[in-house]
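So you can see what is in the structure, the chains are spelled out below.
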Amino acid sequence: MRESPCQFGQYRQLVGIVTEPSAPPPPRRLACVLVNAGLVPKFGPFRLYARLARRLAEDGVLTLRFDLGGIGDSRQEYPGQPLHERTAIELGAAVDYVAGRYAPDGVVLGGLCSGAEDSFRYAEGDARVAGVVLIDPFSYRTEGWAWRHLRYRLARRSLRALGLYEPLPPHAASGPDGAAKGKPLVNYKYMERDESGRILKTLLARRARVHFVYTGGMLEHFNHPGQLAAMFPGVDFGGLVTLDHFPRTDHTQALEEDRRALVEAISRRVAAACRA
């Protein structure tokens, strides 16, 4: 494995790290591009992206993790343009760089939270994107969610009454940036179902793979693996949509064992796509 810095973009304003594998390439050569989670730089929350890139290298998959403009080491260009337009330009530059320099058979885009949705939105319009990995993206409450959530709350109240459970106060835990949980620096609004449904259908129509990962940080909106199909009734996944659910894992995977489990799950899915 070899890691090296790179610069790209119209003004060479974007900075990233390429993790090149020493292992032989898989039958289908896919490259992965990881997109910032909120304001966290290219190493990812608790270095999740760095660990994932190195794990993928063990399976022969090259990865670019980079900073969007104004985050980490990347300069912000395109003044006056809306954020979503700047993000699309910068994601396009990342895919151009990987495709032009390394010539993979396809590119997998991915990220956590906003990075997931930025990847998903961009993938709709670029046929070079062969798959997306979405960690805690949009989710929508379904009828099944409601009764499962009620059961969960009743069980938690029973445990509190028995003295077997006591929730942490908001100041007792902190995120990767040191900010208290429950007090995010950015109040992120997930995309609406009409938009996500349209993009999902577009990706499936061109046989792109879509992998969802949901953690316990999304329990207020997603609490069961079967909920994914219920969120998109009438959409034929055609064997192209996969899901890993980690209901006991924090949104930013603060625990070492949680990060390890998440990285292994994603690497298995990417490896399967390389064999498809």
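The preceding data block contains the structure.
This part covers the packing of helix α3 (residues 114–123) against helix α5 (residues 193–205). Taken N-terminus to C-terminus, the directions of α3 and α5 make an angle of 55°; their axes are 9 Å apart at the nearest point. Comparing the axis directions of α3 and α5 gives the class oblique. Where α3 crosses over α5, the handedness of that crossing is left-handed. Across the interface between the two elements, Phe120, Arg121 and Ala123 of α3 pack against Glu195, Ser196, Ile199, Leu200 and Leu203 of α5. Per-class residue counts for the contact of α3 with α5 are five nonpolar, one polar and two charged.

Reading across the sheet, the eight strands line up as β1-β2-β4-β3-β5-β6-β7-β8 and stay open at both edges, with mixed pairing between neighbours. In this open sheet, the two edge strands, each paired with only one partner strand, are β1 (2–8) and β8 (241–246). Sheet twist, expressed as the average angle between the axes of neighbouring strands with direction ignored, equals 20°. Relative to β8, strand β7 (residues 209–215) runs parallel, the two sharing six bridges. Bridge pairing in β8 links Val213 to Asp244.

Its 13 residues place the ends of α5 18 Å apart at the C-alpha level, agreeing with the 18 Å of an ideal helix rising 1.5 Å per residue. Buried within α5 are the following residues: Ser196, Gly197, Ile199, Leu200, Leu203 and Leu204. In a view along the axis of α5, the buried residues occupy a sector of 165°, so they form one face of it. When the buried face of α5 is taken as reference, the exposed residues oriented beyond 90 degrees from it are Asp194, Lys201 and Ala205. Structurally, α5 contributes buried residues whose contacts are with α3, β6 (129–135), β7 and β8. Positive phi shows up at Arg207, right after α5, with a value of about 70°.

Right, let's get into unusual backbone geometry. Of note in this structure, Arg47 is not a glycine but carries a positive phi near 65°. One can find Arg47 in the loop between β3 (30–35) and α1 (48–58). On the basis of relative accessible area, Arg47 is assigned to the partly exposed category, the value being 40%. With phi around 70°, Arg207 is a residue other than glycine that occupies positive phi space. Relative to the helices and strands, Arg207 is located in the loop between α5 and β7. Accessibility expressed as a relative area gives 54% for Arg207, which makes it exposed.

All right, on to the packing of aromatic side chains then. Describing an aromatic ring pair means giving the distance of the ring centres and the angle of the ring planes. Within the structure shown, the criterion is met by 11 aromatic pairs. Plain terms: the ring middles of Tyr97 and Tyr102 are 6.4 Å apart, the flat faces sit at 75° to each other, and that makes the pair edge-to-face. Note on accessibility: Tyr97 and Tyr102 belong to one class, buried. Aromatic pair Phe120 and Phe138: ring centres 5.2 Å apart, planes at 45°, arrangement tilted. Taken together, the residues Phe120 in helix α3 and Phe138 in the loop between β6 and α4 (143–161) connect sequence positions 18 residues apart. What makes Phe138 buried here is its relative accessible area of 0%.

Rules used in this analysis
- Residues numbered from 1 in each chain as written.
- Predicted model: local features only at pLDDT ≥ 70, side-chain atom pairs only at ≥ 80, totals over all residues.
- Heavy atoms only, no water.
- Axes fitted to C-alpha atoms, helices over the stretch in contact; angles between N-to-C directions.
- Helix = DSSP H or I, 4+ residues; strand = E, 2+ residues; numbered from the N terminus.
- Parallel < 35°, antiparallel > 145°, perpendicular 65-115°, else oblique.
- Left-handed = near helix turned anticlockwise from the far one by under 90°.
- Contact = heavy atoms within 4.5 Å.
- Nonpolar A, V, L, I, M, F, W, Y, C, P; charged D, E, K, R; others polar.
- Pairing = 2+ DSSP bridges.
- Expected span 1.5 Å × (residues − 1).
- Buried < 20%, exposed > 50% of the residue type's maximum accessible area, 1.4 Å probe, protein only.
- Arc of directions from axis to C-beta.
- Phe/Tyr/Trp six-rings, centres within 6.5 Å; stacked < 30°, edge-to-face > 60°.

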